[in-house]
Amino acid sequence: MEPILKVEDINVYYGSIHAIKGISFYVNEGEIVTLIGANGAGKTTTLQTVSGLLRSKTGSISLQGEDISNVPAHKRVARGLAQVPEGRRIFLQMSVQENLEMGAFTQSNSGIAKDLERVFEYFPRLKERRRQIAGTLSGGEQQMLAMGRALMSHPRLLMLDEPSMGLAPILVEQIFEIIQTLHKAGTTILLVEQNAQAALSIADRGYVLETGKIILADNASALLKNDAVQKAYLGGGGG
Amino acid sequence: MAFLSFLISGISLGSIYAIIALGYTMVYGIAKMLNFAHGDVIMVGAYICFYATSRFQLPPLVGILLAVVVCTILGIVIERLAYKPLRAAPVLAVLITAIGMSYFLQNAALLLWSSNPKVFPPVVPTGKISLFGGQLTISYVTVVAILCCIVIMLALTWFTSKTKMGKAMRACSEDKGASQLMGINVNGTISLTFAIGSGLAAIAGVLLCSAYPTLVPTTGAMPGIKAFTAAVFGGIGSIPGAFVGGILLGIIEIFAKAYISTQLSDPIVFAVLIIVLLVRPAGLLGKQIREKV
Ligand SMILES: Nc1ncnc2c1ncn2[C@@H]1O[C@H](COP(=O)(O)OP(=O)(O)OP(=O)(O)O)[C@@H](O)[C@H]1O
Ligand SMILES: [Mg+2]
């Protein structure tokens, strides 16, 4: 079966800084795949290249078998790609509901009411606060909003960049539960995490990124047992 | 009664400033740049309307419409050619380009239309409303300017708070990257903002030249700077701010002219701006920047 996402030999630069050095990976339909790695390894850069905010100098990115390397970022959304960016990046001066409506920008207006209800089922807190200005939400609520907003576009592939960052353990657990629920509902997931333990425990497969290169790729359960991974990312150094 | 008459003139002049300031502030909000050529788009709009109505004898409404269409296209073209290639450039480069664009438009107008002042035709019907048994007279232009400003303000408020494109515009002004992740075409949205701002500039140009009917290639320069001042005064980036800033500036200017000195009115206007910015650096209605970490 053709992978839903296939990234081949991408090289990404920030000016003269070579941030991603020829990496390749794939995500199959229905999988949860995680990218783990230390600060500055290139996880965010990778996701932003897939979503089109950054461009690769080489290689290709294919979504559902079609090369999207030259498709502008905003047109990739309609092809089923959604990203919950690092640091949430919700629209702070807009209301909760307006943020969700922006998530549905590529959708026809007629379905929005139903999609809002679906998001509110996942995140009841957002329903109570739908008129509130997003900048006044708590950190956890902002993360929920960022996820809800991404869901509004009915993504085939949802990419999450450190959804647990800065959240209390109980909220982290909740966020991971929701990721699993979304997955069960048929969304394919590419998850970037520093919380390697949590990410690997829900993922099917994982890639370990180090200074712009993939140094390990394996089943999640195997990575959890891998000595090098345990030492570098699971031995209490995961934050 | 004189006071009331000055107040109304002030609001009317302020309405024109506000319409121009809206263009400044919307473009600043989304492109984070000061489009110093905005004032000169006003002048182009006024010339288009002048030629359409005086030379080609078209009806005033057609002249105004033509001015709006030409300025809208001009705004889009200016952005595409001059500013878009500088999206990632340092602020100073963009600022200098904008000033260059302003001079370019003024000199192009000089070449095309010469420096001879044109007498702007009365596209707004001349005439006065007489109140209180003739003690208070208000010209139609004064009233039309105020009405235009109110209608534009209401329309923009509706547009940015209720329509999908308007909300997308606000989203882009907050975070372009995140907006792209929503599927919003950021370049298209920026073009749209320039289009709206420039279309409004054309209306302002017609109103301005109807109130002060001498048209030269530098006609837009001073009102442009005043409107920019109004936008900063109200809080740059804020639509209600541009409205409030414009009206206040117009009132201050007219009162300064009436009660203090005609020559000193401009220094007074700018002195007020400096004082306001010292007290409230973000302007009267400037957005408080808050961020969660
Ligand atoms: N805008 C930028 N300009 C220059 N260098 C950058 C920029 N963004 C990232 N980098 C560099 O690229 C490399 C990869 O950064 P990236 O943000 O992708 O790492 P990351 O794996 O997401 O890290 P973290 O876990 O801290 O979020 C780092 O060395 C970083 O310094
Ligand atoms: Mg990162």
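These numbers come from a predicted model, not from an experiment.

A.B. asks: Can you tell me about the overall build of chain B, naming the residues and giving the values?
C.D. replies: Across its full length, chain B carries 11 helices and 4 strands. The globule rule puts the C-alpha radius of gyration for 293 residues at 19 Å, and the 19 Å found for chain B is close to it. Principal-axis analysis of the C-alpha atoms gives chain B an extent of 60 × 45 × 35 Å. Put simply, of all contacts in chain B between residues at least 6 apart along the chain, 73% involve residues at least 24 apart. When the accessible surface of chain B is totalled, it reaches about 13000 Å², and 73% of it is carbon and sulfur. Across chain B, 18 positive and 7 negative side-chain charges occur, with their mean positions spaced 7 Å apart.

A.B. asks: Summarise the sheet that holds strand 4 (residues 60-63) of chain A; cite the residues concerned and give the values.
C.D. replies: All names here are of chain A. An order of 2-1-4-5 is seen for the 4 strands of this open sheet, with the pairing classed as antiparallel. Each end of this open sheet is capped by a strand with a single partner; those strands are strand 2 (17-27) and strand 5 (66-67). Where strand 1 (residues 5-14) and strand 2 come together, 8 bridges link them in antiparallel fashion. What sits directly across from Ile10, in strand 2, is Ile23.

A.B. asks: For the packing of helix 2 (residues 38-55) of chain B against helix 3 (residues 60-83) of chain B, give the residues involved together with the corresponding values.
C.D. replies: All names here are of chain B. Between helix 2 and helix 3, whose axes approach to 8 Å, the crossing angle comes to 145°. Judged by the twist between their axes, the crossing of helix 2 over helix 3 is right-handed. Residue-level contacts link Val41, Val44, Gly45, Ile48, Cys49, Ala52 and Thr53 of helix 2 to Pro60, Gly63, Ile64, Leu66, Ala67, Val70, Cys71, Leu74 and Ile78 of helix 3. Looking at the contact of helix 2 with helix 3 residue by residue, the class counts come to 13 nonpolar, 3 polar and no charged.

A.B. asks: Which residues make up the sheet that holds strand 6 (residues 81-84) of chain A, and what values go with them?
C.D. replies: Residues and elements named next belong to chain A. As summarised here, the arrangement of the 6 strands in space is 6-7-8-3-9-10, forming an open sheet in which the pairing is mixed. Of all strands in the sheet, those bounded by a partner on one side alone are strand 6 and strand 10 (213-219). Taking the axes of each pair of neighbouring strands and ignoring which way they run, one obtains an average angle of 15° across the sheet. Note: strand 3 (residues 32-37) against strand 9 (residues 205-210), 5 bridges, orientation parallel. Across the sheet, the residue bridging to Thr34 is Gly206, located in strand 9. Lying over the sheet, helix 6 (residues 139-151) contacts strand 6 and strand 7 (157-161), oriented at roughly 175° with respect to strand 6. Each of strand 3, strand 7 and strand 8 (188-193) touches helix 7 (residues 169-184); the most contacted strand, strand 8, lies at about 155° to it.

A.B. asks: Tell me about the coordination of the magnesium ion (ligand 2), residues and numbers included.
C.D. replies: Residue and element names in this part refer to chain A. Summarising the metal site, the magnesium ion (ligand 2) is bound by the protein donors Thr44 (OG1) and Glu86 (OE), whose distances to it range over 1.9 to 2.3 Å. Residue Thr44 is found in helix 1 (residues 43-51), and its partner Glu86 is found in the loop between strand 6 and helix 3 (96-103); the two are separated by 42 residues along the sequence. Judged by relative accessible area, Thr44 falls into the buried class, the value being 18%. Residue classification places Glu86 among the partly exposed residues on the basis of a relative accessible area of 33%.

A.B. asks: How would you sum up the site of ligand 1? Please name residues and give values.
C.D. replies: Residues and elements named next belong to chain A. In the neighbourhood of ligand 1, 14 residues make up the surrounding shell, with Asn39, Thr44, Thr45, Glu86 and Gln194 lying closest. Between an oxygen atom of ligand 1 and a side-chain N or O atom of Thr44, the distance comes to 2.7 Å. Separating an oxygen atom of ligand 1 from a side-chain N or O atom of Thr45 is a distance of 2.4 Å. In isolation ligand 1 has 630 Å² of accessible area, and contact with the protein removes 63% of it. Where the shell around ligand 1 is concerned, the elements lending two or more residues are strand 2 and helix 1. The biggest single contributor to the shell around ligand 1 is helix 1, with 3 residues. Considering only residue class, the shell around ligand 1 consists of 5 nonpolar, 6 polar and 3 charged.

A.B. asks: Quick one: what's the story with the packing of aromatic side chains, residue by residue and with numbers?
C.D. replies: Residue and element names in this part refer to chain A. In this structure the tally under the stated criterion is 12 aromatic pairs over all chains. The positively charged end of Arg149 is found above the aromatic ring belonging to Phe91, 5.0 Å away from the centroid. Over the ring of Tyr26 we find Arg205, and its NZ or CZ is 4.1 Å from the ring centre.

So, how was this worked out
- Residues numbered from 1 in each chain as written.
- Chains lettered and ligands numbered in written order.
- Predicted model: local features only at pLDDT ≥ 70, side-chain atom pairs only at ≥ 80, totals over all residues.
- Heavy atoms only, no water.
- Helix = DSSP H or I, 4+ residues; strand = E, 2+ residues; numbered from the N terminus.
- Rg over C-alpha atoms; globule rule 2.2 N^0.38 Å.
- Contact = heavy atoms within 4.5 Å.
- Areas by Shrake-Rupley, 256 points an atom, 1.4 Å probe, with all protein chains shown as cover.
- Lys, Arg positive; Asp, Glu negative; His and termini not counted.
- Charge placed at Lys NZ, Arg CZ, Asp CG, Glu CD.
- Pairing = 2+ DSSP bridges.
- Axes fitted to C-alpha atoms, helices over the stretch in contact; angles between N-to-C directions.
- Left-handed = near helix turned anticlockwise from the far one by under 90°.
- Nonpolar A, V, L, I, M, F, W, Y, C, P; charged D, E, K, R; others polar.
- Donors = N, O, S within 2.8 Å, 3.2 Å for Na, K, Ca; no water.
- Buried < 20%, exposed > 50% of the residue type's maximum accessible area, 1.4 Å probe, protein only.
- Near = heavy atom within 4 Å.
- Polar contact = N/O pair within 3.5 Å; in protein donor to acceptor, adjacent residues only side chain to side chain.
- Phe/Tyr/Trp six-rings, centres within 6.5 Å; stacked < 30°, edge-to-face > 60°.
- Lys NZ or Arg CZ within 6 Å of the ring centre and 35° of its normal.

Function-wise, these values are silent; they only describe arrangement.
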